[in-house]
Amino acid sequence: ETAVFQTPNYHVTQVGNEVSFNCKQTLGHDTMYWYKQDSKKLLKIMFSYNNKQLIVNETVPRRFSPQSSDKAHLNLRIKSVEPEDSAVYLCASSPRTGGVNQDTQYFGPGTRLLVL
Amino acid sequence: GDSVTQTEGQVTVSESKSLIINCTYSATSIGYPNLFWYVRYPGEGLQLLLKVITAGQKGSSRGFEATYNKEATSFHLQKASVQESDSAVYYCALNTEGADRLTFGKGTQLIIQP
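The rules behind each value
- Residues numbered from 1 in each chain as written.
- Chains lettered and ligands numbered in written order.
- Predicted model: local features only at pLDDT ≥ 70, side-chain atom pairs only at ≥ 80, totals over all residues.
- Heavy atoms only, no water.
- Helix = DSSP H or I, 4+ residues; strand = E, 2+ residues; numbered from the N terminus.
- Rg over C-alpha atoms; globule rule 2.2 N^0.38 Å.
- Buried < 20%, exposed > 50% of the residue type's maximum accessible area, 1.4 Å probe, protein only.
- Lys, Arg positive; Asp, Glu negative; His and termini not counted.
- Charge placed at Lys NZ, Arg CZ, Asp CG, Glu CD.
- Phe/Tyr/Trp six-rings, centres within 6.5 Å; stacked < 30°, edge-to-face > 60°.
- Salt bridge = Lys/Arg side-chain N within 4 Å of Asp/Glu carboxyl O.

### Digging into the overall build of chain A
- When its secondary structure is counted, chain A shows zero helices and 11 strands.
- Start at the N end of chain A and walk to the C end: the helices and strands fall as β-β-β-β-β-β-β-β-β-β-β.
- Taking 13 Å as the expected radius of gyration for a compact globule of 116 residues, we find that chain A reaches 14 Å, a close match to that expectation.
- Its C-alpha atoms give chain A principal-axis dimensions of about 45 × 25 × 25 Å.
- Counting all 116 residues of chain A, 44% fall into the buried class.
- Of the side-chain charges in chain A, 13 are positive and 10 negative, and the distance between the mean point of each set is 2 Å.

This is how it looks when you write it as structure tokens:
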């Protein structure tokens, strides 16, 4: 099956803990993204990687760090979570190889984080 | 920066009635943006519904249509006759040529009344 996979689906943790979310795509795409969807349902870009290279790094707190081992994987680590980090984190990928589909992004199911 | 404004909150439509969800955009980059409608069905991930990359063109999928109107900077989503299975959250989005991100509207929850 070709798709974007995320683990875990849901995670509950305490303030100050470290969490790590995994994302893997089997679509053969070159570019991967992390988006955050907050309590107001607004989806905003956090990071973007192309072939393991960071190309977008929006203004996010330094406790957030993306990690890419190869172009099919893009993980997200949060060093010391805060209550405002409670959100849904969406991973996506896109081809960026030219052609009509180069700008279409394909999303994973999301990881819901609840910080108590 | 770029921005997308769409019908906010919930829209309730009776089954078999017509639907329109408004979307307008502002893109600061040179050139015309690519425009998208994404949809999230209950229990599923965000998926592409339709896209249009050329001004003046219309995109369609699953009975939905949207026309890229560069004069009005709009990309409204329409359907002539909705079904219960259309209940979902719809997001209008854009990116510019070569851009490395999508800019989303806040989403519109569509509720279909039987």
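### Regarding the packing of aromatic side chains
- Tallied over the full model, the rule gives 12 aromatic pairs over all chains.
- Centroid distance Tyr 33 of chain A to Tyr 35 of chain A: 6.2 Å. Interplanar angle 35°. Geometry classified as tilted. An identical accessibility class is assigned to Tyr 33 of chain A and Tyr 35 of chain A; each is buried.
- Measuring from centroid to centroid gives 6.1 Å for Tyr 91 of chain B and Phe 104 of chain B, while their planes differ by 85°, and the two rings are edge-to-face. Of this pair, Tyr 91 of chain B sits in strand β10 (residues 88–95) while Phe 104 of chain B is found in strand β11 (residues 103–104), placing the two residues 13 residues apart along the sequence.
- According to the relative accessible area criterion, Tyr 91 of chain B is buried, its value standing at 3%.
- Within the aromatic cluster, the residues linked to one another by ring pairs are Tyr 33, Tyr 35 and Phe 107 of chain A together with Phe 36, Tyr 38, Tyr 91 and Phe 104 of chain B.

### Topic: the pattern of salt bridges
- Scanning the model with the defined rule gives seven salt bridges over all chains in all.
- Across the pair Asp 30 of chain A and Lys 71 of chain A runs a salt bridge whose closest N-O atoms are separated by 2.9 Å. Of the two residues, Asp 30 of chain A sits in the loop between β3 (19–25) and β4 (31–37) while Lys 71 of chain A sits in the loop between β7 (64–70) and β8 (73–78), which places them 41 residues apart along the sequence.
- The partly exposed category is assigned to Lys 71 of chain A, whose relative accessible area is 35%.
- Between Lys 58 of chain B and Glu 65 of chain B there is a salt bridge; the shortest N-O distance is 3.6 Å.
- The partly exposed category is assigned to Glu 65 of chain B, whose relative accessible area is 36%.
- Three or more residues joined by partner-sharing salt bridges are found here, namely Arg 63, Glu 84 and Asp 85 of chain A.

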